[in-house]
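Here is what each chain is made of, one letter per residue.
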Amino acid sequence: MSKVEERTARALLHRLAVEQAESRVPSLAAALVRRGEVAWFGFRGRVDGEPPTPATQYRIGSITKSMVAVAVMRLRDEGALDLLDPLAKHVPGTPAGDVTIAQLLSHTAGLTAEPPGAWWERTPGAPADELIAGLGPEIARHRPGRRYHYSNLGFGLLGELLARKRSMPWTQVVREEVLEPLGMRDTTPRPRAPHASGYAVHPWADVLLPEPEHDHGAMAAAGQFWSTPADLARWAAFVGGHTGDVLRPATLAEMREPATVDDGDAWLGGYGLGIQLSRHNGRRLAGHGGSMPGFLATVWADPADDVGVLFMANTTSGVRASLPKDLLDILAAHEPPLPAEWVPGSADEDLLALTGPWYWGPSAYLLRVLPKRGLSLTPAGGQGRASRFVAQPDGTWLGLDGYYAGEVLRVVRSPEGVHLDLNTFIFTREPYAPSGPVPGGVDKDGWQ
């Protein structure tokens, strides 16, 4: 059963009502997703005199970027481009030609945050050729790859890349390849009825000012889409791992990996490939926030617990950033997820013989068998390098995470016995086993 319990729904609605009242939001919609299905919708305020519904459209701003990024990653998976390709290989003639596709996706290309000219979010946009013709060397703000610097311009250029690679407008690419397969048919470049109107709320009086809405031309890929709570719930499920036929799960996991962080050592916020990242109460959240004049929206998903959250509002500012995370906390407090039941599995005899303690020099490690002939190598004392490994057709194992991600583990059998070779690191059944091929050798007098 996916729906939340009545007491949980009441607590969630109370938090939403407090936000709408205290932040003075004309209308506010929210949803929680659990195991790929909507578990709760909540609404406060009015749209044209009526409460919003799951079908009411709001602008979602930069959440658009994640949808564009998925379409770009589909091109990568097809072999139509490489993330290390310079932009000039696919969109020649820009002063940003040397930056890579990966740098554009992760906001590490060093480009200016906004395109030249009037503030693009409040003015009609120009077509791509005019945008590109107006760019000069001043758009480079930082050395590519040096740091995280959010760039709307970079995603405008990625929209043009999509258009050129698919020979159709980027909006059509995203609609046909991403939105429609996910059932997100109410996510559109321009509003359709019923939709909320965007407002600025006066800071010192309870009055509203309508905000403008335009077609932003080549910059639309940075944040033009409109969507509904129902559609955005489908997107939250997608980001959490319910990818359907749109994207390989491994590709989505790659997009959710931290490519950069924006707050130093013990990072709380970062960015992957078109996806924002956040740490909160032990969770690693993936999603994106969005803002356009008159609108705010955010989507977060926690793939580990298979839950997601979103909110949509028709106000330029004021909704507290803590709202979606507070909703997740309420759900966890009222209905904590149960761990999956442990059930016995199977393990091949040759792998069972490898389980147990191994030693890298004097450091003890434990080897465990995972499903599908996978392996886990972890330090026995909890301190050290831990990784999981997936079986390969050639009889080796490939590291999935940690220090050994992408490295090859081999089981080497010889007349002297068996040892593990992990990219030149030798693991033996005894600490510094004299008969093992320990690099540099073992002192002939042994332990003293």
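Look above for the structure.
A quick note: this is a predicted structure, and the numbers were derived from the prediction, not measured.

A. Main features of the overall build of the protein. The helix and strand inventory of the protein stands at 10 helices and 20 strands. Referenced to the eigenvectors of the C-alpha coordinate spread, the extents of the protein come out at roughly 85 × 60 × 40 Å. Accessible surface, the protein as shown: approximately 21,100 Å² in total, 53% of it carbon and sulfur. Both charge centroids of the protein, one from 43 positive and one from 51 negative side chains, sit 2 Å from each other.

B. Seen up close, the pairing of strand β16 (residues 387–391). Across 3 bridges, strand β15 (residues 374–379) lies against β16 in antiparallel orientation. Across the sheet, the residue bridging to L377 is S387, located in β16. As judged from the 3 bridges shared by β16 and strand β17 (residues 397–399), these two strands associate in the antiparallel manner. From the neighbouring strand, F389 faces β17, where its bridge partner is G399.

C. Geometry of the sheet that holds strand β11 (residues 295–302). Judged by pairing direction, the sheet is antiparallel, and its 8 strands sit side by side in the order β2-β1-β12-β11-β10-β9-β8-β7 without closing on themselves. This sheet does not close on itself; its edge strands, each paired only once, are β2 (37–45) and β7 (260–261). Pairing of strand β10 (residues 283–292) with β11 involves 7 bridges; the strand directions are antiparallel. Each residue of the ladder has a partner; that of M292, found in β11, is F295. The strands touched by helix α1 (residues 6–22) within the sheet are β1 (27–34) and β2, with β2 carrying the most contacts at an inclination of about 35 degrees. Packed on one face of the sheet, helix α2 (residues 63–78) meets β8 (269–271), β10 and β11 and runs near 115 degrees to β10.

D. View of the sheet that holds strand β18 (residues 408–414). Strand order in the open sheet formed by 8 strands is β13-β14-β15-β16-β17-β18-β19-β20, and the pairing between neighbours is antiparallel. Either end of the sheet is taken by a strand with one partner, and the two such strands are β13 (356–360) and β20 (425–427). Along the sheet, successive strands turn relative to each other by an average axial angle of 30 degrees, direction set aside.

E. Inspection of the side chain of T94 at higher detail. Relative to the assigned elements, T94 resides in the loop between α2 and α3 (101–105). On the basis of relative accessible area, T94 is assigned to the buried category, the value being 11%. In this structure T94 touches L87 and I132, once residues within four positions along its chain are discounted.

F. Local environment of the layout of surface pockets. Taken as a whole, the largest pocket holds about 740 Å³ of empty space. Lining the largest pocket we find 23 residues, and of these A253, R256, E257, R284 and R388 sit closest to its centre. Put simply, the parts of the chain that give the lining of the largest pocket at least two residues each are α8 (249–256), β10 and α9 (323–334). When its volume is computed, the second largest pocket comes out at roughly 360 Å³. Taken together, 19 residues make up the lining of the second largest pocket; nearest its centre are Q276, G289, G290, A297 and T298. Classifying every residue of the lining of the second largest pocket gives 7 nonpolar, 8 polar and 4 charged.

G. Up close: the nonpolar core. Ranked by internal contacts, the top residues of the largest apolar core, which has 79 residues, are M67, L105, V174 and W235. Top element by residues in this core is α2. It accounts for 9 residues. Counting 23 residues, the second largest nonpolar core, distinct from the first, contains L296, W300, A313 and L323.

H. A nonpolar patch on the surface, seen in detail. A cluster of nonpolar side chains, V390, L398 and L400, forms an exposed patch at the surface whose accessible area comes to about 210 Å². Relative to the elements of secondary structure, L398 occurs in strand β17.

I. Fine view of α2. Between its first and last C-alpha atoms α2 spans 24 Å; for 16 residues at 1.5 Å apiece the expected length is 22 Å, and the two agree. Note on α2: the residue one or two positions beyond its end, G79, has a positive phi of about 90 degrees.

J. Main features of the pairing of β18. Looking at chain direction, β17 and β18 are connected through 2 bridges and run antiparallel. Of the residues in β18, the one forming a bridge with L398 is V408. Inspection of the sheet shows β18 paired to strand β19 (residues 417–422) by 6 bridges, in the antiparallel sense. Residue pairing in the sheet places S414 in a bridge with G417 of β19. Here β18 hands over to β19 after 2 residues, the two strands then running antiparallel side by side.

K. Spatial organisation of the environment of E407. Topologically, E407 is positioned in the loop between β17 and β18. Looking at E407, the relative accessible area reads 26%, which means it is partly exposed. Sequence separation between E407 and W397 is 10 residues, and the spatial gap between their C-alpha atoms is 8.4 Å. With near-sequence residues (within four places) excluded, E407 lies in contact with F389, W397, L398, G399, L422 and N423.

L. Examining the packing of aromatic side chains more closely. Evaluation of the coordinates by the stated rule reveals 12 aromatic pairs. Seen from their ring centres, W235 and F238 are 4.8 Å apart, and the 20 degrees between their planes marks the pair as stacked. Residue W235 and its partner F238 are both found in helix α7 (residues 229–239); the two are separated by 3 residues, about one turn of the helix. Both residues of the pair, W235 and F238, count as buried. Each member of the aromatic cluster is reached from another via a ring pair, and the members are W360, Y403, Y404 and F425. Above the face of the F155 ring, K65 is positioned so that its terminal group lies 6.0 Å from the ring centre. One residue, R385, lies across the ring of Y403, its end atom 3.6 Å from the ring centre.

M. Structural context of the pattern of salt bridges. For the structure shown, the criterion picks out 27 salt bridges. For R234, the salt bridge is made with D231, and the minimal N-O distance between the two is 2.9 Å. Of the two residues, R234 and D231 are both situated in helix α7; the distance of 3 residues between them amounts to about one turn of the helix. Owing to a relative accessible area of 1%, D231 belongs among the buried residues under this scheme.

Conventions we followed
- By convention here, each chain's residues receive numbers from 1 onward along its written sequence.
- Per-residue local features of the predicted model are confined to residues with pLDDT of at least 70, and side-chain atom pairs are confined, for both listing and counting, to 80 or more; whole-chain, interface and lining totals are unaffected and use all residues.
- Where side-chain values are given, they derive from all heavy atoms of the structure, hydrogens and water being excluded.
- Each helix is a run of H or I in the DSSP string that is no shorter than four residues. Each strand is a run of E no shorter than two, and both are numbered from the N terminus.
- Residue burial considers only the protein chains on display, and all accessible areas are found by Shrake-Rupley using a 1.4 Å probe.
- A residue counts as positive if it is Lys or Arg and as negative if it is Asp or Glu; His and the chain ends are not included.
- One atom stands in for each charge, and that atom is NZ of Lys, CZ of Arg, CG of Asp or CD of Glu.
- Paired strands are those between which DSSP finds at least two bridges.
- Here, two residues are considered to be in contact whenever any of their heavy atoms come within 4.5 Å of each other.
- Axis definition: a line fit to C-alpha positions, over the contact stretch in the case of helices; interaxial angles, taken between N-to-C directions, run 0 to 180 degrees.
- Only protein chains enter the area calculation, which uses a 1.4 Å probe; residues under 20% of their type maximum are buried, those over 50% are exposed, and those in between are partly exposed.
- Think of a 1 Å grid over the protein atoms and nothing else: a 1.4 Å probe that fits but is trapped marks a cavity, an open set flanked by protein within 12 Å on at least five of seven lines marks a pocket, and residues with an atom within 4 Å of a point count as lining.
- Grid points are joined across faces, edges and corners, and a volume is the space filled by probe spheres set on the points.
- The residue classification treats Ala, Val, Leu, Ile, Met, Phe, Trp, Tyr, Cys and Pro as nonpolar and Asp, Glu, Lys and Arg as charged. All others, Gly included, are polar.
- We call a set of buried residues a nonpolar core when its members are Ala, Val, Leu, Ile, Met, Phe, Trp, Tyr or Cys and they connect through side-chain atoms within 4.5 Å of each other.
- Patch membership is restricted to residues that have no salt bridge and whose relative accessible area is over 30%. Joining uses 9 Å for like charges and 5 Å for the nonpolar side chains Val, Leu, Ile, Met, Phe, Trp and Tyr.
- In the sections that follow, a salt bridge refers to a side-chain nitrogen of Lys or Arg positioned within 4 Å of a carboxyl oxygen of Asp or Glu.
- A helix is expected to span 1.5 Å multiplied by its residue count minus one.
- Whether two aromatic rings pair depends on their centres lying within 6.5 Å, for rings of Phe, Tyr and Trp, where Trp uses its six-membered ring; planes under 30 degrees apart make the pair stacked, over 60 edge-to-face, and the rest tilted.
- We count a charge as sitting over a ring when the NZ of a lysine or the CZ of an arginine lies within 6 Å of the ring centre and within 35 degrees of the ring normal.

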